[in-house]
Amino acid sequence: MRFSRIFLALSIIVVTFLLGACFLFEMKYQITISPSYGSNQVGTSHTLNIKVSKIGLLGGPVGNANIYLNVTGANPSSTTLTSDSNGKATFTYTGTNIGTDTIVASAFGVSATAVKLWTKSATDIRNEIMGIVATFDDGVPQTFSSVEKIVVMGDEAVPVLLNLLSTSNSLKVRWASIYTLPRIANLDEIGGAKVALQDPNETIGTMAAAIFVGTGDATSLSILQDAENSNSVMMYSIPPILLSEFANRVLKATSSGTRYENPRFYGYSAYPLYESLDEDIGETKFTVTKDDAKCEIMVNIYIELTGPGATSSLANTWKNGIESVWNGPNGYRKFGCYKVKFNADIKVNTTGATPEASRDQIKVVSIHPTQTHTSSTVLGRPNDGSTNGEWDNQDTGNVAAHETGHLMGLDDEYTYDASGNYVNTNPQVTDPQSIMAQTWGNVSALQSHINAIMKNAGISVPATMTVVPASATNIIGTEHTVKVNIRDPFDKPVAGVKVTFTVSGLNNFTREALTDDNGDTALTYVYQDEKEGKDTINVKANCCLSATVVKFWKFPSSD
């Protein structure tokens, strides 16, 4: 009995030992891959380090192991590797396509994953930038808005732009580089742009100085102070602004302690700035209403501001600027004999509410005073969340007035020559100059602008009235006819205009008539009394046109 108990105890000990040994010597594997994440330019090689090992009491590297490697994504491939005596293997491959690869390494039923991002090569980035610059046309200023496409390229373009800034002989390339760098470069990268402080072009040097003046750079400060006294137009500015205005804005921001923050990224709308007046200008959101009783025309411009730079204060500044320029010192413009009044109804939408279909949607970007931005406007966009323009929070009231001219279908009246010099294509002999040509100094809406807006809106009003004869002598008892022709500011006949004839003297009566499709109407009457004398015929059309006819009545000659 005692022997059986001892045997049972020994059996339990042996079984326990064997089970523990199985646990201690169980084969478990682990596979690692490094780096787990990386970013390379296409055309370069990327190496992954892979290691297979056993884990547990007797763990260690596993040599001669088959490692199955599978790449999916932009550059798919698969292969089998064999680990060395240290359990290690390497995999090197070159990405030829832009995008993301997921690399999975597997062995003994376990796996590890790495992610590889392939970006554009420096050569590809340079070629893309040069292609964008090639679209710039000196004679078509709005083409320079394509520079915003470089902004969208982001930080991967920074090293290339810095290189171009110091090596390119092209004025346009250097301008595009200094324009975009402060919008996309980090503060620790932008130092390479100091080379532009010595650029022979005044605009490029001033734009570079705007970047560094906040750092206390004495050269930057002197460049900006010189630019404050410049009469030059800032090269390729859209709409054009004086270099002195930009320099003054930067110096004020610096003295007030306005901080330079890491730039934001803004999208680019690949639409034209506006359509030509000779073409279909698309769906217009402004309204033009005519009041014939008052001889007044009201132009209501409906704008909705969205975006990070939209504020009530800025909306008020732009409203005042738009109305001041377009209404002029008298508070109205003239079209024919009508008064034209402009009202800017600007709404600020910062809540993300559904945009109003009846308003032009303007995205307001927020830029630092030291940065530049190309403001643009486009007509006829649908109410689908897209914008009819992108303005910035540094735009003045005059800039808003210029852009509003585009919203009403007007063309730019300026260009740049091959050297980047501003050219006013509609210069006035005396001031004020056209708001569609410049945004500084004594500027105004011109009569040609008012006429174009009214023409596009289909507004026809009396402008001139011709009355014949102005004076005549008739024999008593015969007919006398006064003919009237009314034409609009474009010398086209105006139909349906009420003309009032008031006769006083030998005859006293009033008659009314409407002009026909040729703009014509007439008064015919006969004087029958036996008394010589005259009639005065006052002719009025609407509330603004009038003329006087003198009619003498005489007896037939006794000869």
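Criteria and thresholds
- Residues numbered from 1 in each chain as written.
- Predicted model: local features only at pLDDT ≥ 70, side-chain atom pairs only at ≥ 80, totals over all residues.
- Heavy atoms only, no water.
- Helix = DSSP H or I, 4+ residues; strand = E, 2+ residues; numbered from the N terminus.
- Contact = heavy atoms within 4.5 Å.
- Areas by Shrake-Rupley, 256 points an atom, 1.4 Å probe, with all protein chains shown as cover.
- Pairing = 2+ DSSP bridges.
- Salt bridge = Lys/Arg side-chain N within 4 Å of Asp/Glu carboxyl O.
- pLDDT = per-residue confidence, 0-100.
- Core = buried A, V, L, I, M, F, W, Y, C linked by side-chain atoms within 4.5 Å.
- Buried < 20%, exposed > 50% of the residue type's maximum accessible area, 1.4 Å probe, protein only.
- Disulfide = S-S within 2.5 Å.

K.L.:
Give me the lowdown on the overall build of the protein, citing residues and values where you can.
P.N.:
Along the backbone of the protein there are 11 helices and 28 strands. Taking the contacts inside the protein whose residues are at least 6 apart along the sequence as the reference set, 64% of them involve residues at least 24 apart. Put simply, the protein shows about 26500 Å² of open surface, and 51% of that area lies on carbon and sulfur atoms.

K.L.:
Describe the pairing of strand S6 (residues 77-82), with residues and values.
P.N.:
Bridge count between strand S5 (residues 66-73) and S6: 6 bridges; the pairing is antiparallel. By the bridge assignment for S6, Asn70 is matched with Ser78. Between S5 and the antiparallel strand that follows it, S6, lie 3 residues.

K.L.:
Which residues make up the pattern of salt bridges, and what values do they have?
P.N.:
Charged atoms that come close allow side chains of opposite charge to pair. The final tally for this structure, using the stated rule, is 14 salt bridges. A salt bridge links Glu356 to Lys347; its shortest N-O distance comes to 2.7 Å. In this structure, a network of salt bridges that share partners links the residues Glu304, Asp345, Lys347, Glu356 and Arg359.

K.L.:
I'd like to hear about the confidence of the model for the protein, residue by residue, with values.
P.N.:
For the protein, the average pLDDT comes to 86, and 88% of its residues sit at 70 or higher. In this model residues 14-24 is a low-confidence stretch, pLDDT under 50, and it forms 1 contact with partners more than four residues away in sequence or in other chains. A low-confidence stretch, residues 380-385 (pLDDT under 50), is modelled with 14 contacts involving residues beyond four sequence positions or located in other chains.

K.L.:
Break down the nonpolar core for me, with residues and values.
P.N.:
Core analysis: the biggest nonpolar cluster contains 61 residues, and Trp326 and Met454 have the highest contact counts within it. Ranked by residue count, the leading element in this core is helix H9 (residues 312-327), at 6 residues. Sequence-distant contacts of Met454, defined by excluding residues within four places in its chain, comprise Val288, Ile297, Val299, Phe335, Val340 and Ile459. Residues Val213, Met234, Ile241 and Val399 belong to the second largest nonpolar core, which totals 59 residues.

K.L.:
Break down the state of the cysteines for me, citing the residues and quoting the values.
P.N.:
Overall, the coordinates contain 2 disulfides when judged by the stated rule. Here Cys295 engages in a disulfide with Cys543; their sulfurs sit 2.0 Å apart. Residue Cys295 is located in the loop between strand S10 (287-291) and strand S11 (296-306), and its partner Cys543 is located in the loop between strand S27 (533-541) and strand S28 (545-554); the two are separated by 248 residues in the primary sequence. Between the sulfur of Cys337 and that of Cys544 lies a disulfide, 1.8 Å long from S to S. Placement of the pair is Cys337 in the loop between strand S12 (333-335) and strand S13 (338-348) and Cys544 in the loop between S27 and S28, with a sequence separation of 207 residues. Overall, Cys337 belongs to the buried group, its relative accessible area being 14%.

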